[in-house]
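In case you want the letters, here they are:
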Amino acid sequence: MAILAIAAGIFVFLITGALTNELTHDPGAGVLPGLVLGFLAAAPLFKLAAQERSNFLHPAPREYNVPAKLAFAKIRDYLAEVSYNYGDKWHVVTADTQSGRITANLRFMDEFTRIEGDARGNIHTRKERVHRFLALDVQVRSTERGTTVIQLDFSPKVEGVNYAACDSIVSTVSSSIDAALGKGTPVVCEQNYPG
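Residues numbered from 1 in each chain as written. Predicted model: local features only at pLDDT ≥ 70, side-chain atom pairs only at ≥ 80, totals over all residues. Heavy atoms only, no water.

### As for the overall build of the chain
Part 1 of the argument: When helices and strands are tallied, the chain shows four helices and eight strands.
Part 2 of the argument: Against the globule reference of 16 Å for 195 residues, the chain gives a C-alpha radius of gyration of 24 Å, more extended than a compact globule.
Part 3 of the argument: Projected onto its principal axes, the C-alpha positions of the chain cover 75 × 50 × 25 Å.
Part 4 of the argument: Out of the 195 residues belonging to the chain, those deemed buried represent 31%.
Part 5 of the argument: If you take every contact in the chain between residues at least 6 apart in sequence, the share linking residues at least 24 apart comes to 59%. (Helix = DSSP H or I, 4+ residues; strand = E, 2+ residues; numbered from the N terminus. Rg over C-alpha atoms; globule rule 2.2 N^0.38 Å. Buried < 20%, exposed > 50% of the residue type's maximum accessible area, 1.4 Å probe, protein only. Contact = heavy atoms within 4.5 Å.)

Put into structure tokens, the structure is as follows:
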């Protein structure tokens with residue numbers, strides 16, 4: 001969505017600049033109006049992209065037809081058993097059964113290939129290792145109906161420009177918890193359960 005916002009802003013900038021230049025016969029007259037209108041065209045799309053990102057990292061709570069103690073144990077066991085890359089594992093910091101809260105961290109190194117040119121015009125590739133960190137906060141709450149409401153909150157920190165580097169792990173954790181507990185239903189209003 002961010003790429004679409006950038007494309008829309010550039011398109012509006014170019015069209016506004018061309019129209020203003022054509023009307024005023026001044027080659028530089030369209031720069032400032034083009035910048036302003038390009039920004040105004042891109043701003044709502046950037047806001048929409050930020051909202052989508054927030055919804056991805058902080059999905060709506062889901063309700064499952066399992067007791068809270070069983071859901072808590074399954075999530076804790078999943079985080080203890082799963083590994084990524086070359087044995088990178090979740091470090092469970094807190095697993096408080098009284099409050100129904102699990103916090104876990106995942107630190108790992110990631111490799112990506114950087115393409116560079118040298119002074120003679122030759123293209124070279126170089127592998128770089130960068131740090132990735134993903135924090136997970138899970139809230140497990142019991143309802144009066146005997147079901148469980150689970151809220152997941154992810155907080156990624158990445159080195160480099162690839163801000164979506166942890167997205168595959170976020171998707172995997174969310175779908176694995178959904179698979180382990182059965183198909184959950186989104187909770188529309190958080191007043192359905194005590195908290």
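### Considering the confidence of the model for the chain
Part 1 of the argument: Predicted confidence across the chain gives a mean pLDDT of 85, with 96% of residues reaching 70 or more.
Part 2 of the argument: Averaged over each element, pLDDT in the chain is lowest for helix H1 (residues 2–24) (80) and highest for strand E7 (residues 148–158) (93).
Part 3 of the argument: Long-range and interchain partners of residues 190–195, a stretch whose pLDDT sits below 50, account for 16 contacts in this model, where long-range means more than four residues apart. (pLDDT = per-residue confidence, 0-100.)

### Observations concerning the pattern of salt bridges
Part 1 of the argument: A complete count under the given rule lists eleven salt bridges for this structure.
Part 2 of the argument: Between Arg-129 and Glu-111 there is a salt bridge whose closest N-O contact spans 3.4 Å. Note that Arg-129 is positioned in strand E6 (residues 123–142) and Glu-111 in strand E5 (residues 101–117), a separation of 18 residues in sequence.
Part 3 of the argument: Exposure remark for Glu-111: the relative accessible area of 44% places this residue in the partly exposed category.
Part 4 of the argument: Overlapping salt bridges, with partners in common, bring together Arg-114, Glu-116, Arg-126 and Glu-128 in one network. (Salt bridge = Lys/Arg side-chain N within 4 Å of Asp/Glu carboxyl O.)

### A look at the sheet that holds strand E4 (residues 91–96)
Part 1 of the argument: Read across the sheet, six strands follow the order E4-E5-E6-E7-E1-E8 without closing on themselves; strand pairing throughout is antiparallel. Every other strand in the sheet has two partners, leaving E4 and strand E8 (185–186) as the edge strands with one partner each.
Part 2 of the argument: As paired strands, strand E1 (residues 62–64) and E8 are joined by two bridges and run antiparallel to one another. If you follow Arg-62 over to E8, its bridge partner there is Pro-186.
Part 3 of the argument: Across the face of the sheet, helix H3 (residues 68–81) comes into contact with E4, E5, E6 and E7 while running at roughly 165 degrees to E6. (Pairing = 2+ DSSP bridges. Axes fitted to C-alpha atoms, helices over the stretch in contact; angles between N-to-C directions.)

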